[in-house]
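# Understanding the architecture of this molecule
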Amino acid sequence: MLTLVLLCIGALFGVSALAIAIGRSALATPIVYGSSLVVSLLSCLTGVAHLLSGSAVERLTLPLGLPWLGTHFRLDALSAYFLAVVGLGTFAASLFALGYGRHEKTPSRVLPFYSAFLAAMNLVVLADDAFSFLVSWEFMSLSSWALVMAHHREQENVRAGYVYLVMASFGTLALLLAFGLLAGPDGGYGFAEIRDNHPSAVFAALVMILALVGAGSKAGLVPLHAWLPLAHPAAPSHVSALMSGVMTKVAVYGFVRIVFDLVGPPAWWWSIVVLTLGGITAVMGVLYALMQHDLKRLLAYHTVENIGIIFIGLGLALAFKTHGADFAAALAMTAGLLHVFNHSVFKSLLFFGAGAVLTATGERDMEHLGGLIHRMPQTAFVFLVGCAAISALPPLNGFVSEWLTFQAILLSPQLSSWGLKLLVPAVGALLALSAALAAACFVKAFGVTFLGRPRTPAAERAQETDRFSRAAMFFLAALCLVAGILPGLFIDALARVVQAFVGARMPVQAGVEWLSIVPIAESRSSYNGLLVFLFMVISGTLMAFAIHRLASDRLRRAPAWDCGYPDPSPVTQYSASSFAQPIRRVFGTVVFRVREHGEMPPPGDTRPARLTVELHDRVWDALYAPVANAVGFAADRLNRLQFLTIRQFLSLVFASLVTLLLVLAIWP
Amino acid sequence: MAVIVDLAVQGAQMLLVLLLAPLLTGLVRKTKARFLRRRGPPLLQPYRDLVRLMRKEVVLAESASWLFRVIPYIIFAATWVAASLVPTFRTGLLFSWSADLIAIIALLGSARFFLALAGMDVGTSFGGIGSSREVMIASLAEPAMIMVVFTLALVAGSTQLSTMAGALLYSEVGLRVSLGLALVALVMVAIAENARIPVDNPATHLELTMVHEAMVLEYSGRHLALIDLAAALKLLLYLSLIACIFMPWGIARADASLTALGLGLVSYFGKLAVGGLLLALFETSIAKMRVFRVPEFLGAALMLGLLATLLLFVSRSL
Amino acid sequence: MRGLDFDIAHLLAGSLVLISFLQLYQDRLYALINMFAIHALVLALSVAWQAHVQDAPHLYVTAAIALGFKAIVIPVALHRIIVRLGIHREIEKVVGVGAAMLLGMGLVALSMVVMLRVTAGADPLAREDLAFALSVVLLGLLMMVTRRNAVSQVVGFMSLENGLVLAATGAKGMPLVVEISVAFSILIAFIVIGIFLFRIRERFDTVDVQALDIRRGERQ
């Protein structure tokens, strides 16, 4: 199976090269996306097959790369799972792009990098030595950077690309250092050698921090998230879906691989760092999202929140593992990894919806949209399913992973460390807060974009999208429902992955009657998505039927009542900023130093009143701006080296030569 | 045989909550009126209101979508399913293992999600006011509720409501501080979730003071009847929840005889009556808060819930 | 002491912490004084319960002092005087309610951690009462620090002292509890009187009671 996947990756690279050649022809788009579709489906199915069939770990070494190292590839349970997740996301994106890509004005700037991006993501998940891991990681960053810069004529995209490049390089540097520490002074870079080489406690802690920084910056942990809401919206929509839904998961894979597998037994305080960062990220991400009125930026910030939730699950798994509660660790890790899958499904769905809206109206700003449910009914329906799934509403899949995380938190009083005893309830409260705020955020996103009345002529003229885009979205929406109704299948599939890392697994869900899931024991708690869904459907239809038969079923259309003050202008309905105003006032005054002031013109003056809302991103002001200023300052100072005379340059060379000879002379 | 009895009990529970909900609302309204020295509407008036609304024609705004028409059914279905799973006169409901307390809260959350969407659907500013305030209140009430659930689950050892009711009734739990704090937090959250004074006035006519009413402003006829019924069910659900956890005396066991079931029913009616009276008394004696005081109120509930959970993490006997 | 006895003692101590939180939440002086009256009432109940359970009749005297003096006399007197002097308005806060609540949570967590770690060898159920008492003390201090109004600072001081009394009665066999309670109460009475003397002098430039009477006659 490993060879099959590697052949698929090779095929993707081939397609990429082909796309460079035929980029300008009209057939390029369907060829590239069609072949990506087939190849991703193949790799996804391979991953699933490996996971479900329980086959052994496969290894392969190719004589590429560094001469004394070669390139190692490995397909174990974790890689298979992430291969399946990546493959599913890329399959859906390619299907969507078959329709969406027709609207791309410069396909030659997008197509070659698209297949390369897909290939790189698959490679990261299979890499079994530090060199190939880092090369694939960098390839992934560079190809996605090229995709972000595809529409480089817009100034904000250029800035987004720049910030992305800087943060990606920073992340790779952190990972490079981490791998260097893991390899140790003997320099065995293969993962197999790294597993046998156990670093000391100090080095292990350093590796964990570096992995958190490096993988976390790619995933979007606060405070390293600043590039995400700039870069993800700038790319074309199917690429945004891939970056948010899939690339962040590859970053999570990197973290899991290093911290749970390569570095050896974890220390007890690591979970505190991961849990704190996860909790803060979850709440900050959704608060940022609530303040946005650009639909894609809102979705990108929301990815930050979900990454926080995943890291909370992983942090709990670390905590349980270090305290020896393997069974609870299995539950927490299953919750985190299941959320990886769930998030990639519904986030891709939401980005596809945003892309459909963008092609239909040309607008990303919610405050210029509205009433799209009448013009694009199918897109609205699947977007609604995505919004409901991401707000963790039963019976969809978002609720399942959140429920499992809550059950894991309820097992935590058995942890004996004081720090964890105080931290875990607080993280539970933060998780609940972020879930409630996420629901608020998506009521806003769906309500302002699709409901109400159209606010601009562009919104009034919107048309439904093409078949391929709709097919991709319906596929993902169906998957949301299936994963919500039959979560036992997914939990059992994850069992092998979790077993490998924490030495235990959740109880087998396949045998539980009526397809419920039982995370710990029957007597403790259980959940049956299928029954909840059936009950809701049955009671709803029963009531509808009864009322329509026994009472009235007449209906009449009339102008909206609006308390007797009907207003034909669509400007009077709530916009995105007005919807978020109560929450902005409650949370934003503290977190973002929000200041709102309105200027009313004096009586008799017919100018409109003006409301100004000021938001300060504290993380940017505290972390990024000073660093950028310091770098600029140092660069200015060092710039003087450019303007030396020839004599001074020669003296520099002379001085360095003499210094090296001195070192050679003195060194014992 | 036992399965048939269990099925009958579950079915009886579903019908019971549906039939009792308007009566509870009628009781609360009548008591409030009496406290204000009015005669008040008859106890059965809510039933008449529902029947009257069901028979009326629905007047739908021109800008309303298909979602607007479907949402009342979704809200009703979610609330009814949630209310059927809260033990009223007997623990050990047949389908209680399909949704635990967290799932019940999430079902109510989905009802609220769709109600907020309904407020946004017609595109009026009043709907927007209702929806934006409702999600602000929900953003604090739901975490507070989850913390209460954590406290109860840690004390009872399970998140299944039937198991919780049984554990709190039959095992040696005693009076615990965290349960006291959880009770206060739960009452505060219940007031906020059911749109009662001091958070929201269910009988107001001033649109700018509305939260729940503003979202359903454009609904009429059978849709409005369903939403009112769902709101009454939600009130019944919260009172039943408080009763089955904090006042579990009289509730019948899973394998009880017919007399025990009868006793359970009678004690349940008594608890509902007491709860309704206390609610009416509380609403009459306090004024409605400004909208931006509600986050402080709910923030206090969240802190109490967090404190209760923290106490349980820190010590076994608290 | 086992089972229900301990549970009721914990419940009363926990209610005291809850009422301290509710005091932090108030923003009207009138409501704050009512809250303090309830605080003192619950303290009296708690001390009376300890007297019953420990079989220490001298603690009933402490309970009576708390009930009579702090739950009835001081709140009634404060109510009357603040209305007379016209300072029954909103309390200005240095930090908002939300921040005060979060700080309060942190203080309760801190006192839990400190008490339960430091007294690791002692009787497990008395330790938790001590942890609650320390929380009440810290919350009283927090109230004094985050309020600008003198009366609310006095209320904070009095609730701090209630926490100390709770701690003293919870630890069995602390001597002189009654005498210390009486001394504290006299101290508080002097502080409260002192505040109002200053206030009266500010307003009328004199504390001569006859001058007040003449003024009152004129105003009527």
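We now turn to the structure provided with this report. These numbers were taken from a predicted model, which means no experiment stands behind them. (Residues numbered from 1 in each chain as written. Chains lettered and ligands numbered in written order. Predicted model: local features only at pLDDT ≥ 70, side-chain atom pairs only at ≥ 80, totals over all residues. Heavy atoms only, no water.)

## Some points on the interface of chain A and chain B
Between chain A and chain B, the residue contacts involve 82 residues of the former and 81 residues of the latter. Between chain A and chain B lies a buried interface of about 7200 Å² when both sides are counted; carbon and sulfur atoms form 73% of it. Per-residue buried area on chain A facing chain B is highest for Leu410(A), Arg557(A) and Tyr574(A); these three make up 8% of the total on that side. Joining chain A to chain B, the criterion identifies 1 salt bridge. Glu57(B) serves as the salt-bridge partner of Arg556(A), at 3.0 Å between the closest nitrogen and oxygen. The interface formed by chain A and chain B includes 24 residue pairs in polar contact (both at pLDDT 80 or more). When contributions to the side of chain A that touches chain B are tallied by element, the ones reaching two or more residues are helix 14 (372-375), helix 15 (377-390), helix 16 (397-410), helix 17 (418-450), helix 21 (529-550), strand 3 (555-558), helix 22 (576-579) and helix 23 (581-591) of chain A. Residue contributions to the side of chain A that touches chain B peak at 19 residues, all from helix 17 of chain A. Residue composition of the side of chain A that touches chain B, by class: 53 nonpolar, 20 polar and 9 charged. Pairing between strand 3 of chain A and strand 1 (residues 58-61) of chain B: 4 bridges, direction parallel. (Contact = heavy atoms within 4.5 Å. Buried area = accessible area lost by both parts, 1.4 Å probe. Salt bridge = Lys/Arg side-chain N within 4 Å of Asp/Glu carboxyl O. Polar contact = N/O pair within 3.5 Å; in protein donor to acceptor, adjacent residues only side chain to side chain. Helix = DSSP H or I, 4+ residues; strand = E, 2+ residues; numbered from the N terminus. Nonpolar A, V, L, I, M, F, W, Y, C, P; charged D, E, K, R; others polar. Pairing = 2+ DSSP bridges.)

## Structural notes on the side chain of Asp294(A)
All names here are of chain A. Checked against the element boundaries, Asp294 lands in the loop between helix 11 (270-290) and helix 12 (295-322). For Asp294, a relative accessible area of 15% puts it in the buried group. Leave out the neighbours within four places in its chain, and Asp294 touches Arg364 and Asp365. (Buried < 20%, exposed > 50% of the residue type's maximum accessible area, 1.4 Å probe, protein only.)

## Some details on the packing of helix 7 (residues 177-193) of chain B against helix 1 (residues 4-25) of chain C
With their axes 8 Å apart at the nearest point, helix 7 of chain B and helix 1 of chain C run at an angle of 40 degrees to one another. Between helix 7 of chain B and helix 1 of chain C, the interaxial angle falls into the category oblique. Relative to helix 1 of chain C, helix 7 of chain B is oriented so that their crossing is right-handed. Residues Val177(B), Leu181(B) and Val184(B) of helix 7 of chain B form the contact with helix 1 of chain C, whose participating residues are His10(C), Leu11(C), Gly14(C) and Leu18(C). The class makeup of the residues in the contact of helix 7 of chain B with helix 1 of chain C is 5 nonpolar, 2 polar and no charged. (Axes fitted to C-alpha atoms, helices over the stretch in contact; angles between N-to-C directions. Parallel < 35°, antiparallel > 145°, perpendicular 65-115°, else oblique. Left-handed = near helix turned anticlockwise from the far one by under 90°.)

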